[in-house]
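# Fold and contact review
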Amino acid sequence: MTATPSTSSKGNSFKALLPFWQVTFASFLGWFLDAFDQTSLMFTLPDIAKDLGCTLSALGVALIAQSWGRAIGNTGWGWLADRYGRRMAFMTGVIWFGVFSAMTGLSHSLLMLVCVQFMFGIGFGGEWTASASLLMESVPAWTRPMASALMMSGYEIGYFAAAAAQAFILPHYGWRVLFFIGIAPALLAIFIRIGVPESPVWLKNKALQQQNPTHTKQQFSFKFTPAALQAIFFMTFLEFQKAAIYTFYPTILRGSHHLTPQQIFLPIAIYCAGSFIGKIVCGWLAEIFGDTKVMLSAIGIVILTIWPFLSAHSWNMLLCAAFIMGAAASGVFALVPYYLAQRFPSETRSFGMGLGYALGSIGQGIAGWIIPFIGRTPTTLPLTAEAFVISSSLITTGIGMIKPKELPGQIMEGDEKSTAP
């Protein structure tokens, strides 16, 4: 992959993104709300298991159900976004996941929780797919790494907000109240409807469809090119790694390190601070060195940091590792929208990005079931997660080092006019 031009030759990407603040902010906020709702489940797994009378391993079924729902949402919403517009799919996704997040708080059996999480996953995956393609197609080409990083940094802010909320809500009001807050995304849908314009790339392709019937027939002809296959396999193992890193991080802090819900707030807050800083830094570095070099370097840091992150006996080392792991592991995901957008043509970009994330979601769900199944005790759970992180990181690195001959989305319609001032 060719590195993008240095920011010194292009200007300030933050300043260049100001005219596109509505779509950037909406994409950020969508991922923020996604994160709050999803990580609320992670924080409350021990409480839900106790209330529903099941084991932590049994709750892994709910995580798998959510991952399959995300896979359907990623691909289904990707198809909708390619056919009917990115903005409409974005609005529908945020309303959908907000409703089913609130319904999670009404679950009174494991079966109901599994069904609700499956439906929640559909909206969760659909929202990301539509918003990521909308953002990447709306901003100037050279600012896409930073726009990608800003969007994905919403996850850490949502994670932090959920950590703060659970520290206050869990001891006094119980786990269900956390999920009732999930109805908030309806407000974002109003903002998208009023303030966010449709993707100019999608509008241009829609105009071509109306002028050229042949173009219309070819529009939904998805091809598994080498770049597309790389994106799919890369995301599968990257999401597997992600699940091993932090899906059970709050549970490990409470079980293996014997911390209370209030005490786990500090390491998680430091993790989120590192994640936010790491994503912005990785976005900036990708503008200079290219996304592949930055992502693979961050994965290398993940491998070196995973043991102290989950198993350090020193409190200070645990906190230090939380910051470094947040910066590295989340820094990789800062560039995922940009990485995926380059590997699919405009006609099927949203579907392709959704498919890559969909299979990754399944990988995350499988890891969410296997890790607690193997690591059934507070002693073996962190060791199991560490082994999964190292193995999946090595595979992801190997896939990322492959250089496809062609990146169909590296240059999008209108890019020749999207130069910096």
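An unreviewed UniProt entry annotates the protein chain as MFS transporter of Swingsia samuiensis.

Now for the packing of helix α12 (residues 226-247) against helix α16 (residues 315-334). When two helices pack together, you describe them by how their axes are tilted relative to each other and by the distance separating the axes. Following both chains from N to C, one finds α12 and α16 inclined at 155°, their axes separated by 11 Å at the closest point. Overall, the two elements α12 and α16 adopt an arrangement that is roughly antiparallel. For α12 against α16, the interelement crossing comes out left-handed. The residues of α16 that touch α12, namely those facing Met 235, Leu 238, Glu 239, Lys 242 and Ile 245, are Met 325, Ala 329, Val 332 and Phe 333. Residues of the contact of α12 with α16, tallied by class, amount to seven nonpolar, no polar and two charged.

As a further point, take the nonpolar core. Of all hydrophobic cores here, the largest spans 120 residues; its most connected members are Trp 128 and Phe 309. Among the elements that make up this core, the one with the highest residue count is helix α3 (residues 21-52) (14 residues). In this structure, this core is formed jointly by two domains, domain 1 (19-205) and domain 2 (224-404), each of which donates at least three residues. Not counting residues up to four positions away in its chain, the partners in contact with Phe 309 are Ile 245, Tyr 249, Tyr 271, Leu 318, Ala 321, Ala 322 and Met 325.

Together, Ile 157, Phe 276, Ile 277, Val 281, Trp 284, Ile 301, Phe 323 and Ile 324 line one region of the surface with nonpolar side chains, adding up to about 640 Å² of accessible area. Within the residue set of the nonpolar patch, elements represented by two or more residues are α14 (265-289) and α16. For the nonpolar patch, the element with the highest residue contribution is α14, accounting for four residues. Following the sequence through the fold, Ile 157 ends up in helix α7 (residues 144-173). The partly exposed category is assigned to Ile 157, whose relative accessible area is 30%.

Calculation criteria
- Residues numbered from 1 in each chain as written.
- Predicted model: local features only at pLDDT ≥ 70, side-chain atom pairs only at ≥ 80, totals over all residues.
- Heavy atoms only, no water.
- Axes fitted to C-alpha atoms, helices over the stretch in contact; angles between N-to-C directions.
- Helix = DSSP H or I, 4+ residues; strand = E, 2+ residues; numbered from the N terminus.
- Parallel < 35°, antiparallel > 145°, perpendicular 65-115°, else oblique.
- Left-handed = near helix turned anticlockwise from the far one by under 90°.
- Contact = heavy atoms within 4.5 Å.
- Nonpolar A, V, L, I, M, F, W, Y, C, P; charged D, E, K, R; others polar.
- Core = buried A, V, L, I, M, F, W, Y, C linked by side-chain atoms within 4.5 Å.
- Buried < 20%, exposed > 50% of the residue type's maximum accessible area, 1.4 Å probe, protein only.
- Domains from an automatic or database assignment.
- Patch = residues over 30% accessible without salt bridge, like charges linked within 9 Å, V, L, I, M, F, W, Y side chains within 5 Å.
- Areas by Shrake-Rupley, 256 points an atom, 1.4 Å probe, with all protein chains shown as cover.
- Salt bridge = Lys/Arg side-chain N within 4 Å of Asp/Glu carboxyl O.

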